[in-house]
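# Tertiary structure, described
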Amino acid sequence: MRKAGAQGSSSKADVVPGAQAVDLDQQGQEARDAGVSDVCRLLAAPEDLARLQQLRAEVSSKLASSRSTLSSTTAAQVDAARYGLQLLDKSHRHIAKLRLCIDRIDELCGECSTLVENHDKIRALSHAHRNVQQVLEELGDIIDLPMRAAAVEELMNAGDGGMVAAFEGLTVLEGTANNIKEAWRRNAKKSSDLGELADYLTQVGEAMTSFERRLWSLARDYHALAQRQPRRLVDVARVVEMQQQMDAHYASTKATYVRPRHYRERLLMEMEAAVAQRFAPLLALCAHHGQPNSKVKYDQDGNRVLSEARDYLGALTDVERCDPLGHRLPGATDAELAVMQIREEDMFDEDMWLETLLGGFGALEAELAEAYDYVSPCFPPHYNIFDIIFQMYHVQFAQAMDTVGQVSQALSTAGQLRLMQWVCGYQQTLRGLGVQEELVRLPVAPMSLDSAPGFALLINSYTDRMEATMTAWYRAILAQDAAGQPQQMTDGTLRTPGVVDFFRMLNEQVSVLEEISTGEVLLAAASRSLKLMQDFVAAQQELLKPGGVSALLAAAAAAAAAGPAGVSGSSSSGTKLAAATAAAAAAGGKAAGSAAELSFEMVASFLNNSVDCYNQSLEFTEHVQSLLDEGLSSQLDVEDTCRAFLELAKAWGQRLVELMYADAGIVEQWRRMYSSADWLNGKTCATLLATIGDYFQDVTTFVEPGFCRRVCEGVLEEHVRRASSAAVASLDRGAVAAVAAMGSGAAAAAAAGGGGGVDADDLVLGRLVQDERDVQLFFEPFVPRDRLMRRVTQLAGLRELLDSSEPEGILAGYRAVLELNPAITPAMVEKLLASRPGLSKAQLNDVALQCRELYAKALRKQQQGSTAAAGAAAGGVVPGAAGLGQAGDGSGKGWKFWGR
């Protein structure tokens, strides 16, 4: 059957190729026929012969494409056949190998058939074999530890990425070492000594120590790495982060045999140490202020040698010198060079010290900005590494400024300004880096625990010097103003130049700081400027006291003798200060030995100066407040300071009133008031008002228009006060002599008790009424009507007090008089009412009680009000009362009018 089948298949194989050949010939013939029919179709018309070349080209193109396709298809079939043959050969080899394995299995099965009864021994042997193999593997790992540790050390210095790979390798090695130590500790029964294994494990520890040393050296050099090799710094951060994660993992798994490393804290410590190392030279430089840092040469005469030239033998050939005042000296002659001796001395050059210090500060400030640009991107965002670096730098800067603050008094003014300018620029840099405003200010460093921060000491030192300069200034210009003569302006008002100089100097002092800061420095200067304004007001208030002018001039002379004060402003300011001090000293010398007092014109000029000070203080404070940072201007007590100048102007206005009433003519007329015939016939009051009118002409010319009415109102107030004092003080004077001196027979007869004439009581009452009208008419052009009528009402109350027989009228009159003149005591009223007809004893007691209550209430109101006004009122009463008490005949009898 197999043979027949084989023959059948072979015959079939012989037939198939012939059939295929027949098919190919037939297909070829069909293709030729199809081609001929296509050609005939394409060349059916005679004009188609023109397309013959085109058709040939198309046929050639199709033929080439067909041949190419056939060739590629044939090659693909050949490759597929070759690959199939290769697979077939590989399958044949595997089949042969499988047959060999099957044969080997059959042999082994035959050998093992006798081992079935030894199964337990075989299992024990298998376990022993596996354990031995594991021990050998671990021993191999231990033996490889030094080699692998050395490879890791080489990897540390391989460049970018090497630190991370080295740390990963060391972590694996250290884990292996830890596992070995722990296994040995658990399994060792007698001794925990590792023996020879310790040498292998020690090398792992040494490799880790070397790695950490390298890691922290890179961390300390973080600033340079961030700019030159940022990948290295990134690797450091990655290593730290990986160790932090492992520490957290060991802590969560309670692997107590693994000690946490706290790499993050160590990283920050190393960076802080690097920052402290950068600041160490500058901190030492800050502490060395005042110590010699340069050398200077002098000749034998004390002239400073600027440069010198010598020949090869060392002999002087040329020299440039200047005298102690800084003036250049002419060149030395050969004879002078031959005998010239040059010595060298150590000195402290503050400019050199400042240049070095500020240069170092500037470099470190630039490092902080570079840390924001280069260091911060190398660390994970949750590290907030820039905030940490900023705080490190900030504390060091604060410590440096604390050291400088301890010697701030020894710094020159220019040096203080340069340091404050740098601090303000540094704070502005921090704002530009996005630091929060509350963190911009320098913190309190350890040196500041027992004192103010260094920057505050520096500001205080500068403002103290500024205050001392300005104090010397305004004392000198006040003395110069007080000793000189006022200047009349184009509008007729009087002024002195001191106010202009004071505020010009004040603006100069503040303008220096405007360019430096609009924050705490300018705020400190503005606060000190307001204090200077208050001191300026206080100094002028001293001029109002008795002997104040003489004391001021004497102090100016003493200051000039002691030498010029230091000036924190420009050199021109110092020159003008010296000139003002000299002029004030000269004026003080002229005034020595005599009590200098201010004239009426000078008081008017000081009043106008105070008004100008108020206006200029408002402009000054508005300008400063517009410059200050938001929220700082509210810390200035501007309103009270500026208003103090207005209060001072009022005080000067009161001094004008006092000077007017100190006039000899006015004093004489007040001596005649209520006690002479001239008063009864109206001459005294008319003369008094005419004299006051002459003064008013000067007041309206010399004084600022806005304060003229205040002065006139003060004169009216003083007039009413003196009138009440004079009227009450005239109570005990005899009326008979005064009436007899009137020169009128009818009036004299009436005063003697005769009939048919005018009663003396009516004459006095009529005179009081007429005085009220005269005062009202006189002051009407100068005083607002409401205030004028208030004072006239007080005069009417005085008349009511002197004339009324009703308790209500007496109390109303006393209340009106007390409002202006608390010097009228209840005792004086009781004495006045003692002989008043129409009042019973009970009424007198009741009126006296109510008068005491009114007086006590007036005293409380006076204490709560202005003490200065009360003093001025008391001062106006006492001289008038004493002077008026000397008039009359001293008989002790009052006019019948007062006791009616």
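Before reading further, recall that the structure is shown in the block above.
Predicted model only: the values in this text are computed from it and were never measured.

Summarising the element assignment, Ala557 is placed in helix α17 (residues 548-562). What makes Ala557 partly exposed here is its relative accessible area of 28%. Counting along the chain gives 81 residues from Ala557 to Ala476, while the straight-line C-alpha distance between them is 9.2 Å.

Next up on the list: the nonpolar core. Of all hydrophobic cores here, the largest spans 178 residues; its most connected members are Phe361 and Phe779. In terms of residue count, the dominant contributor to this core is helix α16 (residues 520-544) (13 residues). Once you skip the residues sitting within four places of it in the chain, Phe779 turns out to touch Leu689, Phe696, Cys712, Val715, Leu716 and Leu788. Grouped together as the second largest cluster of nonpolar side chains are six residues, Val305, Leu316, Val319 and Leu337 included.

If you trace the four strands from one edge of the open sheet to the other, you get β3-β2-β1-β4, paired in antiparallel fashion. The sheet terminates laterally at β3 (316-322) and β4 (343-347), the two strands that pair on one side only. Taking each pair of neighbouring strands and ignoring which way they run, the sheet shows an average axis angle of 45°.

Attention now goes to the side chain of Thr641. By the secondary structure assignment, Thr641 is in helix α20 (residues 638-661). According to the relative accessible area criterion, Thr641 is buried, its value standing at 1%. Reaching out from Thr641, the side chain makes a polar contact with the side chain of Gln534 at a distance of 3.1 Å. In this view, Thr641 contacts Leu530, Met533 and Gln534; residues no more than four positions away in its chain are not counted.

Attention shifts here to helix α15 (residues 498-514). Between the first and last C-alpha of α15 there are 24 Å, a value that for 17 residues agrees with the 24 Å anticipated at 1.5 Å per step. Along α15, the residues that are buried comprise Gly498, Val499, Phe502, Phe503, Met505, Leu506, Gln509, Val510 and Leu513. Viewed end-on, α15 has its buried residues packed into an arc of 155°, placing them on one side of the element.

Right, let's get into unusual backbone geometry. The phi angle at His262 is positive, at roughly 55°, despite the residue not being glycine. Classification of His262 as partly exposed rests on a relative accessible area of 45%. Even without being glycine, Asn384 reaches a positive phi, approximately 50°. Position of Asn384 relative to the elements: it lies in the loop between α10 (350-375) and α11 (385-406).

This next bit is on the pattern of salt bridges. A complete count under the given rule lists 37 salt bridges for this structure. Across the salt bridge formed by Arg261 and Glu212, the nearest N and O atoms sit 2.9 Å from each other. With Arg261 in the loop between α7 (230-253) and α8 (263-287) and Glu212 in helix α5 (residues 197-220), this pair connects stretches of sequence that are 49 residues apart. Across the pair, exposure class does not vary: Arg261 and Glu212 are buried alike. Between Arg671 and Glu668 there is a salt bridge, with its nearest N and O atoms 3.9 Å apart. Taken together, the residues Arg671 and Glu668, both in helix α21 (residues 664-672) and three residues apart, mark about one turn of the helix. A relative accessible area of 30% places Arg671 in the partly exposed class. The partly exposed category is assigned to Glu668, whose relative accessible area is 33%. Shared partners join several salt bridges into a network, and the residues in it are Asp464, Glu467, Arg528, Lys531 and Asp535.

Moving on, we get to the packing of aromatic side chains. Considering all chains together, one arrives at 24 aromatic pairs under this definition. Centroid distance Tyr474 to Phe536: 5.6 Å. Interplanar angle 65°. Geometry classified as edge-to-face. Of this pair, Tyr474 sits in helix α14 (residues 454-483) while Phe536 sits in helix α16, and the two are 62 residues apart along the sequence. As far as the burial class goes, Tyr474 and Phe536 line up, both buried.

Criteria and cut-off values
- Residues numbered from 1 in each chain as written.
- Predicted model: local features only at pLDDT ≥ 70, side-chain atom pairs only at ≥ 80, totals over all residues.
- Heavy atoms only, no water.
- Helix = DSSP H or I, 4+ residues; strand = E, 2+ residues; numbered from the N terminus.
- Buried < 20%, exposed > 50% of the residue type's maximum accessible area, 1.4 Å probe, protein only.
- Core = buried A, V, L, I, M, F, W, Y, C linked by side-chain atoms within 4.5 Å.
- Contact = heavy atoms within 4.5 Å.
- Pairing = 2+ DSSP bridges.
- Axes fitted to C-alpha atoms, helices over the stretch in contact; angles between N-to-C directions.
- Polar contact = N/O pair within 3.5 Å; in protein donor to acceptor, adjacent residues only side chain to side chain.
- Expected span 1.5 Å × (residues − 1).
- Arc of directions from axis to C-beta.
- Salt bridge = Lys/Arg side-chain N within 4 Å of Asp/Glu carboxyl O.
- Phe/Tyr/Trp six-rings, centres within 6.5 Å; stacked < 30°, edge-to-face > 60°.

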